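Reading the structure
This is what each chain is made of:
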Amino acid sequence: TSLISVWSEKAFESSKGNQTRSLQRMASNQFEQYELEFTHKLTALRQKTKSFASLSGERRKTAIQEAEAQAEGLRTILNKMENIVKNASREGSRKMTTKLNGFSQDLTRLQRELSTASLMGNTTATMNTNPYYDDYQNREQDHRQQVLQGTARAQDTSDRLGNTNRLAAESEQIGIGILSSMASQRKQLENASASLDQTDANITRSRKILGSMGRRVVTNKIILIMIIIVLLIANGLVVYFKWIGPLVNKKKN
């Protein structure tokens, strides 16, 4: 009954472990799908923001509003990814959290750029009522182009730094995984060494027992031989005194 109970517990634990691993794989696959969707839409939105410089008036305002709505959609995807991370295992959540933080920083920078573009559009709309607006608009357009170019360069640099940070974080996670695996292997080796020491101690104890048994066997053999010799002597004396002795005495008489 106890063996059946132990087997049932092990089977239950194995089934539970398989179910947990299956859920973790599903969560990882869903996170990767959201990740692909986010990166694709973020890239498209960045390309769209670069076209703001060629727009003006209501078209520019509408484009910025659409971009802001798309950015909110990206924020919704990040929230879904965050929910997956909360329910993931500790080892899997580390890598996901690193990626999620990088995506959140990218989206925050993009939303900041959209806010800046929206403010610039409002300033331009206000200046339309100024009689000197044409000259100002030309200067503002040149300045805007310079600002956008500088922002684009800064964004590219920031993206490269973000990618570098993500790669460094992923490398760190890989290193942590390797160290964890090495620690586990070290523990297994220590357990194996302890098991070998215990086996060696058992073999030494067995040898002592066998040696003691061998000595007892030799001692018992010696005792048996001595008993046999004594019995032979006793039998010889009995035969002599009972049969041979009388015969010798008769012949002498």
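Residues numbered from 1 in each chain as written. Predicted model: local features only at pLDDT ≥ 70, side-chain atom pairs only at ≥ 80, totals over all residues. Heavy atoms only, no water.

A closer look at the overall build of the chain
The test is simple: Helix and strand labels come from DSSP, where a helix needs a run of H or I of at least four residues and a strand needs a run of E of at least two; each type is numbered from the N terminus. Relative accessibility under 20% of the residue-type maximum defines a buried residue, over 50% an exposed one, and the middle range a partly exposed one, all with a 1.4 Å probe and only protein chains included. Any two residues whose heavy atoms approach within 4.5 Å are treated as being in contact.
When helices and strands are tallied, the chain shows four helices and zero strands. Counting over 253 residues, the chain shows a buried share of 19%. For the chain, restricting intrachain contacts to residue pairs at least 6 apart in sequence, the fraction spanning at least 24 positions comes to 74%.

Considering the nonpolar core
As a reminder, the rule being used: For our purposes a nonpolar core is just a set of buried Ala, Val, Leu, Ile, Met, Phe, Trp, Tyr and Cys residues, chained together by side-chain atoms within 4.5 Å.
By size, the foremost hydrophobic cluster in this structure holds 25 residues, and its most contacted members are Phe 38, Phe 52, Leu 74, Leu 78 and Met 81. In terms of residue count, helix H2 (residues 57-87) provides more of this core than any other element does, 10 residues in total. In contact with Phe 52, not counting residues within four places along its chain, are Arg 60, Ala 63, Ile 64, Ala 67, Leu 114 and Ala 117.

Section: the confidence of the model for the chain
To keep it simple, the criterion reads: Confidence scores per residue from the predictor, reported as pLDDT, run from 0 to 100.
Here the chain averages 77 in pLDDT, while 78% of its residues score no lower than 70. Within the chain, the lowest mean pLDDT, 71, falls on helix H1 (residues 2-49), and the highest, 85, falls on H2. Confidence drops under a pLDDT of 50 for residues 123-133, and excluding neighbours within four residues, the segment shows six contacts in the predicted structure.

Topic: the side chain of Glu 35
You can see Glu 35 is positioned in helix H1. Residue class for Glu 35 comes out buried when judged on its relative accessible area of 16%. Aside from chain neighbours lying at most four places away, what touches Glu 35 is Met 81, Lys 99 and Phe 103.

Describing the pattern of salt bridges
Cut-off, in case you're wondering: In what follows, salt bridge is the name for a side-chain nitrogen of Lys or Arg lying within 4 Å of a carboxyl oxygen of Asp or Glu.
Enumeration over the complete set of coordinates arrives at five salt bridges. The shortest N-O distance in the salt bridge between Lys 99 and Glu 35 comes to 3.5 Å. On the criterion of sequence distance, the pair formed by Lys 99 in helix H3 (residues 90-127) and Glu 35 in helix H1 is long-range, its members being 64 residues apart. A single burial state applies to Lys 99 and to Glu 35, both of which are buried.

Thoughts on the packing of aromatic side chains
By convention here, two paired aromatic rings are described through the distance between centres and the angle between planes. Which entries qualify depends on this criterion: To pair, rings of Phe, Tyr and Trp, with the six-membered ring standing in for Trp, must have centres within 6.5 Å; the planes then decide the type, stacked if under 30 degrees apart, edge-to-face if over 60, and tilted in the middle.
Scanning the entire structure with this criterion turns up two aromatic pairs. Note on Phe 38 and Phe 103: the rings are 5.1 Å apart at their centroids and 40° apart in plane angle, and the pair reads as tilted. With Phe 38 in helix H1 and Phe 103 in helix H3, this residue pair connects regions lying 65 residues apart in the sequence. Each member of the pair, Phe 38 together with Phe 103, is buried. Geometrically, the ring pair formed by Tyr 240 and Phe 241 is edge-to-face, given 5.3 Å between the ring centres and 80° between the ring planes.

Focus on H2
Operational definition: An expected span of 1.5 Å times one less than the residue number is assigned to each helix.
Compared with an ideal rise of 1.5 Å per residue, which puts 31 residues at 45 Å, H2 spans 46 Å between its outermost C-alpha atoms and is within 8% of the ideal. Residues Arg 60, Ala 63, Ile 64, Ala 67, Ala 71, Leu 74, Ile 77, Leu 78, Met 81, Ile 84 and Val 85 constitute the buried set of H2.

Observations regarding a nonpolar patch on the surface
Counted only if it meets this: A patch is a set of surface residues, each over 30% in relative accessible area and not in a salt bridge, joined within 9 Å for like charges and within 5 Å for the nonpolar side chains Val, Leu, Ile, Met, Phe, Trp and Tyr. Note on areas: Shrake-Rupley with a 1.4 Å probe; residue coverage comes only from the protein chains shown.
Together, Ile 225, Ile 229, Ile 233, Leu 237, Val 239, Tyr 240, Phe 241, Trp 243, Ile 244 and Val 248 give the surface a local cluster of nonpolar side chains, amounting to about 970 Å² of exposed area. For Ile 225, the location among the structural elements is in helix H4 (residues 133-252).

Digging into the environment of Leu 45
Here Leu 45 lies in helix H1. With a relative accessible area of 1%, Leu 45 lands in the buried category. As a C-alpha pair, Leu 45 and Ala 71 span 26 residues in sequence and 7.9 Å in three-dimensional space. In this view, Leu 45 contacts Ala 67, Gln 70, Ala 71, Leu 74 and Leu 110; residues no more than four positions away in its chain are not counted.

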